[in-house]
Amino acid sequence: MSDDHVVLHVKGRVLAGPEDVRDELWVVGGRVSYDRPAGARDVRTVEGWALPGLVDAHCHVGLGPDGPVPEDMAEKQALTDREAGTLLIRDAGSPSDTRWIDDRDDLPKIIRAGRHIARTRRYIRNYAHEVEPDQLVAYVAREARRGDGWVKLVGDWIDRDLGDLAACWPREAVEAAIAEAHRLGARVTAHCFAEDSLRDLVEAGIDCVEHATGLTEDTIPLFAERGVAIVPTLVNIATFPHLAAGGERRYPVWADHMRRLHARRYDTVRAAYDAGVPVFVGTDAGGSLAHGLVAGEVAELVTAGIPPVAALSATTWGARAWLGRPGLQEGAPADLVVYEADPRADVRVLAAPRRVVLNGRVMS
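Summary of the structure given here.

Analysis parameters
- Along each chain, the written sequence defines residue order, and numbers are assigned to residues from 1.
- Since the coordinates come from a predicted model, pLDDT governs what is reported: local features require at least 70, and pairs of side-chain atoms require 80 or more to be given and counted, while whole-chain, interface and lining totals use all residues.
- The basis for the side-chain values is all heavy atoms of the structure; hydrogens and waters are excluded.
- Pairing between strands requires that DSSP locate at least two bridges from one strand to the other.
- Each helix is a run of H or I in the DSSP string that is no shorter than four residues. Each strand is a run of E no shorter than two, and both are numbered from the N terminus.
- To define axes, lines are fitted to C-alpha atoms, for helices over the stretch in contact only, and angles between the resulting N-to-C directions are given on a 0 to 180 degree scale.
- Here's how the labels work: a residue is buried when its accessible area is under 20% of the maximum for its type, exposed when over 50%, partly exposed in between, all with a 1.4 Å probe on protein chains only.
- Working note: the arc is built from the helix axis to C-beta atom directions.
- Residue contacts follow a heavy-atom distance rule, with two residues in contact if any of their heavy atoms lie within 4.5 Å.
- The pairing test for Phe, Tyr and Trp rings, Trp by its six-membered ring, is centres within 6.5 Å, and the orientation test on the planes gives stacked under 30 degrees, edge-to-face over 60, and tilted for anything in between.
- Whether a charge lies above a ring is judged from NZ of Lys or CZ of Arg, which has to be within 6 Å of the ring centre and within 35 degrees of the ring normal.
- A carboxyl oxygen of Asp or Glu within 4 Å of a side-chain nitrogen of Lys or Arg is what we treat as a salt bridge.
- Grid points spaced at 1 Å over the protein atoms alone were grouped into cavities, where a 1.4 Å probe fits but cannot get out, and pockets, open sets with protein on both sides within 12 Å along at least five of seven lines, with lining residues defined by an atom within 4 Å of a point.
- Grid points are joined across faces, edges and corners, and a volume is the space filled by probe spheres set on the points.
- Asp, Glu, Lys and Arg are counted as charged, while Ala, Val, Leu, Ile, Met, Phe, Trp, Tyr, Cys and Pro are counted as nonpolar; the rest, among them Gly, fall into the polar class.
- Orientation labels follow simple angle bins: below 35 degrees gives roughly parallel, above 145 gives roughly antiparallel, 65 to 115 gives roughly perpendicular, and whatever is left gives oblique.

1. Some points on the sheet that holds strand E5 (residues 54–59)
Okay, so step 1: On the basis of which strands lie adjacent, the open sheet formed by three strands has the order E5-E8-E9 and parallel pairing. In this open sheet, the two edge strands, each paired with only one partner strand, are E5 and strand E9 (109–112). Strand-to-strand twist in this sheet, taken as the mean axis angle between neighbours without regard to direction, amounts to 20°.
Okay, so step 2: Bridge analysis of strand E8 (residues 86–91) against E9 gives four bridges, and the strand direction is parallel. Each residue of the ladder has a partner; that of Arg 90, found in E9, is Ile 111.

2. With respect to the pairing of E5
Okay, so step 1: With six of its six residues buried, E5 lies for the most part within the structure.
Okay, so step 2: Taken together, the four bridges between E5 and E8 define a ladder with parallel strand orientation. Note on E8: the bridge partner recorded for Leu 54 is Thr 86.

3. Regarding helix H9 (residues 265–274)
Okay, so step 1: When H9 is considered as a whole, its buried residues turn out to be Arg 265, Tyr 266, Thr 268, Val 269 and Ala 272. Within H9, the buried residues cover an arc of 165° as seen down the axis, which keeps them to one side.
Okay, so step 2: Looking at the packing, one finds that the buried side of H9 touches helix H5 (220–226), strand E17 (229–231), helix H6 (234–237), helix H8 (252–263) and helix H10 (294–304).
Okay, so step 3: Following H9 by one or two positions, Gly 276 has its phi on the positive side, about 95°.

4. A few points about the sheet that holds strand E4 (residues 43–52)
Okay, so step 1: Taken together, seven strands build an open sheet; the order of strands is E3-E2-E1-E4-E18-E19-E20 and the sheet is mixed. The open sheet has two edge strands, strand E3 (31–33) and strand E20 (361–362), and neither has a second partner.
Okay, so step 2: For strand E1 (residues 7–15) and strand E2 (residues 21–28), the ladder comprises six bridges, and the chain directions are antiparallel. Residue pairing for E2: Val 14 is matched across the bridge by Arg 22.

5. Some details on the packing of aromatic side chains
Okay, so step 1: One pass over the structure, following the stated rule, counts six aromatic pairs.
Okay, so step 2: Between Tyr 123 and Tyr 127, the ring centres sit 6.2 Å apart and the planes meet at 75°, which makes this aromatic pair edge-to-face. The same class applies to Tyr 123 and to Tyr 127, which are both buried.
Okay, so step 3: Each member of the aromatic cluster is reached from another via a ring pair, and the members are Tyr 123, Tyr 127, Trp 157, Phe 193 and Phe 240.
Okay, so step 4: Lying across the ring of Tyr 34, Arg 22 places its NZ or CZ 4.1 Å from the centre.

6. Topic: the pattern of salt bridges
Okay, so step 1: In total, this model carries 27 salt bridges according to the counting rule given.
Okay, so step 2: A salt bridge links Arg 259 to Glu 248, with the shortest nitrogen-to-oxygen separation between them at 3.0 Å. Of this pair, Arg 259 sits in helix H8 while Glu 248 sits in the loop between helix H7 (240–247) and H8, and the two are 11 residues apart along the sequence.
Okay, so step 3: Classification of Glu 248 by relative accessible area gives partly exposed; the value is 35%.

7. A few points about the layout of surface pockets
Okay, so step 1: Roughly 930 Å³ of volume is contained in the largest pocket.
Okay, so step 2: Together, 35 residues line the largest pocket, and Ile 124, Trp 157, Phe 193, Leu 243 and Trp 254 are the ones closest to its centre.
Okay, so step 3: Of all the secondary-structure elements, those providing two or more residues to the lining of the largest pocket are strand E13 (156–159), H7 and H8.
Okay, so step 4: Sort the elements by how many residues they give to the lining of the largest pocket and H7 lands first, with five residues.
Okay, so step 5: Here the lining of the largest pocket is built from residues that sort into 15 nonpolar, 13 polar and seven charged.

8. What to know about the packing of H7 against H8
Okay, so step 1: Where H7 meets H8, the closest approach of the two axes is 8 Å, and the angle between their N-to-C directions is 170°. On the basis of the axis angle, H7 is roughly antiparallel to H8. The segment H7 lies against H8, with Phe 240, Pro 241, Leu 243, Ala 244, Ala 245 and Gly 247 engaging Pro 252, Trp 254, Ala 255, Met 258, Arg 259, Leu 261 and His 262.
Okay, so step 2: Split into classes, the residues belonging to the contact of H7 with H8 amount to 10 nonpolar, two polar and one charged.

Structure (structure tokens):
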């Protein structure tokens, strides 16, 4: 009998919300039900602690160290994320066309931000549209139409003349660009490592900042007041000392800056969370970083001082609500991960899924 006719019975503890714990759920026709189906004959039972499929809110499917990768490599990236329990991805910038993934019910669902938009010669080669400020609005409009409700800017990068990180865009350019994205119904996020670009971006109306290592006691209250989210990507920030060592000879000021941002990374994230800034899980997988690291990122948030249940929410209930996608509500697509033990007690449980269920089908 095909999977479409199999009823899945998940029992043990179903974490429909941080405090909403059910004893069981049923999967009928690929969707969640909390009512036992009448007359079900072919039933498969899965036992354990169930969570909504994990969210990686900063991931790059179809991207490699040198730019776009072939479809077979993109498929491998997506499968690696799926096996780690990541069933919803916000693809935070990719030059690859991955729309074919939407036709695959065995691969994670993707919310795309189109292609990165960077200043000329101010980002990684072959990754982004590289434009000047007078072109920014037009390119934001283009990517807003290509994406799934998000646009990704490169807010800062190394300025080779200065020898350090510096903002990429004048204030008036980002104001006009963000206004255009919002007019088209898209939210805007930006890559930002350093301090300089943050105030202008937030006051211009940005919705999210990636990495956000440059947050300070001056800008954290502004983020909190405006409700601007951050996706810290701590598993990526861990690479800063290595990057600094590689560029120190040519750019010593930049290298020192990167080390300082790295040294205070946990304090920065904890201070943002304590101030009420929304924090979500993202790994920055793709490019040079491996896929499948979502459990490690949740553990890093806990190391930074975020309570375990809040760190879990940042990759499950809260993240899905932020992205406008359902969790384990009645009638929702049955995308869930089952674990041996309660992940609220120890988030390291996330590293070893017992079962991954996508669109109602047991994948592993």
